[in-house]
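# Residue-level structural notes
Each chain, written out:
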Amino acid sequence: MNTVPSLSSTSIPRTGRRPLLAAGLCCVAAAWVLLPSGAAHAQGWPEAGKPIRIVVGFPPGGGADVLARAVSVPLAKELGGTVIVENRPGAGGLLATEYVAKQPSDGYTVYLATPGSFTIWPSLRKLNYEPAKDFAPVSLMVTMPNLLVTGMSTPYTNVASLLAAAKAPNAQIDYASGGVGTIGQIAAEQLNILAGIHLTHAPYKGTAPLLTDVIGGVVPVTFSDPSAMSLVEGGKLRLLAQTSAKRSRLFPDTPTMAESGVPGYDLSNWYGMVAPASTPSAIVGKLNGALAKVMARPEVRKQLAGAGMDAASSTPAEFGNHMATERAKWAALIAKAKIRAE
């Protein structure tokens, strides 16, 4: 907006000042009208006393919840407002995803997005939302590999021994996951396809009972999120490999699946932030910039690394493209593995 010239010059006759003043104010008003509506909204956002809600589709204590709480306070400081975390668990995150899709596009409700709701479930069932149309990407926030782990009582000391057992005549080896459509199931089915084996799915409702049974030898293997590292370090689980294409800096001594004899294996878990569709681009941009600063903070990176998450950031377009690429990739895998919703 251009600055209105001073109207106090003594060369202006007193009788001519009022018309010029009115004209100047009209120019200011006209310039304001010409501002993009998103920019106008962003200038007053966030309003004092009106909190921004980060909705999490899982109970307190899980990875998504840990991330949301780790960034809420520093994000509030960057934005000069209040940020709260609201847990809305149910249906593996689908209930919360549907809820956020219907919220006002004013920047006061954002969502902690996970692969299940945005890249896997769209190929498994009819949803009450469309990931690409009902949400505005804000930023990628963390990446992490899944970890292939087994109980200490099993004979599997590495991926090669597991593959050899799975290829033996009449082999029957189960894998546990948090349920149909979870990233753990996708990880195991990718192994089945690339290695030419058939591990049988044993779905669970929740990570705690799943890991308890793997520890006890009820189910021999699972692809867990990095929260299982505490059990590995405690001597209750054996870590065989990580699923990302390259070794995560957080697990530098753990081989990848590709290094372990499964060429082409590549799966990385992630969390990010989205907002309801039509949220003004200026507000999305303001959120994106604030998040980039938060994710670069050493204390935030250290806290997240302790939970096995590698802090990251991206532009909204990059995050949107990443989700679109994964939707196509997992749709092909789901079709090939003939995965069906329960």
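Further up the page is the structure itself.
What this report covers is the structure whose coordinates are included nearby. Here the structure is a predicted model, which means the values were calculated and not measured.

### Let's talk about unusual backbone geometry
The amide bond that connects Trp-45 to the next residue, Pro-46, takes the cis arrangement and shows omega of 0°. A positive phi angle, close to 60°, is found at Asn-170, a residue other than glycine. Assignment of secondary structure puts Asn-170 in the loop between α7 (159-166) and β6 (174-177). Given a relative accessible area of 81%, Asn-170 falls into the exposed group. Here Ser-278, not a glycine, exhibits a phi torsion of approximately 75°, which is positive. A residue is classified by how much of its surface remains accessible, and Ser-278, at 67% relative accessible area, is exposed.

### Details of the packing of helix α3 (residues 63-79) against helix α11 (residues 281-295)
Packing of α3 against α11 leaves a shortest axis separation of 9 Å and a crossing angle of 115°. As α3 packs across α11, the resulting crossing turns out to be right-handed. On α11, the residues touching Leu-67, Val-71, Pro-74, Leu-75, Glu-78 and Leu-79 of α3 are Lys-286, Leu-287, Ala-290, Leu-291, Lys-293, Val-294 and Met-295. Residues that form the contact of α3 with α11 fall into these classes: ten nonpolar, no polar and three charged.

### Some details on the packing of aromatic side chains
Scanning the model with the defined rule gives six aromatic pairs in all. By way of ring pairs, the aromatic residues Tyr-111, Phe-118, Tyr-129 and Phe-135 are connected into one cluster. The lysine or arginine in question, Lys-50, covers the ring of Tyr-108, its NZ or CZ lying 4.4 Å from the ring centre. In this arrangement the basic side chain of Arg-88 is found over the ring face of Tyr-99, its NZ or CZ atom lying 3.6 Å from the centre.

### With respect to the sheet that holds β6
Ordered in space as β7-β6-β8-β5-β9, the five strands form an open sheet in which the pairing is mixed. Edge strands, defined here as strands with exactly one partner in the open sheet, are β7 (200-203) and β9 (237-242). Adjacent strand axes in the sheet meet at a mean angle of 30° when their direction is disregarded. The pairing of strand β5 (residues 147-151) with β9 spans five bridges and is antiparallel. The partner of Leu-148 across the bridge, within β9, is Ala-241. Against the sheet, helix α8 (residues 183-195) contacts β6, β7 and β8 (221-224), and its axis sits at roughly 150° relative to β6.

Criteria and thresholds
- Residues numbered from 1 in each chain as written.
- Predicted model: local features only at pLDDT ≥ 70, side-chain atom pairs only at ≥ 80, totals over all residues.
- Heavy atoms only, no water.
- Helix = DSSP H or I, 4+ residues; strand = E, 2+ residues; numbered from the N terminus.
- Buried < 20%, exposed > 50% of the residue type's maximum accessible area, 1.4 Å probe, protein only.
- Axes fitted to C-alpha atoms, helices over the stretch in contact; angles between N-to-C directions.
- Left-handed = near helix turned anticlockwise from the far one by under 90°.
- Contact = heavy atoms within 4.5 Å.
- Nonpolar A, V, L, I, M, F, W, Y, C, P; charged D, E, K, R; others polar.
- Phe/Tyr/Trp six-rings, centres within 6.5 Å; stacked < 30°, edge-to-face > 60°.
- Lys NZ or Arg CZ within 6 Å of the ring centre and 35° of its normal.
- Pairing = 2+ DSSP bridges.

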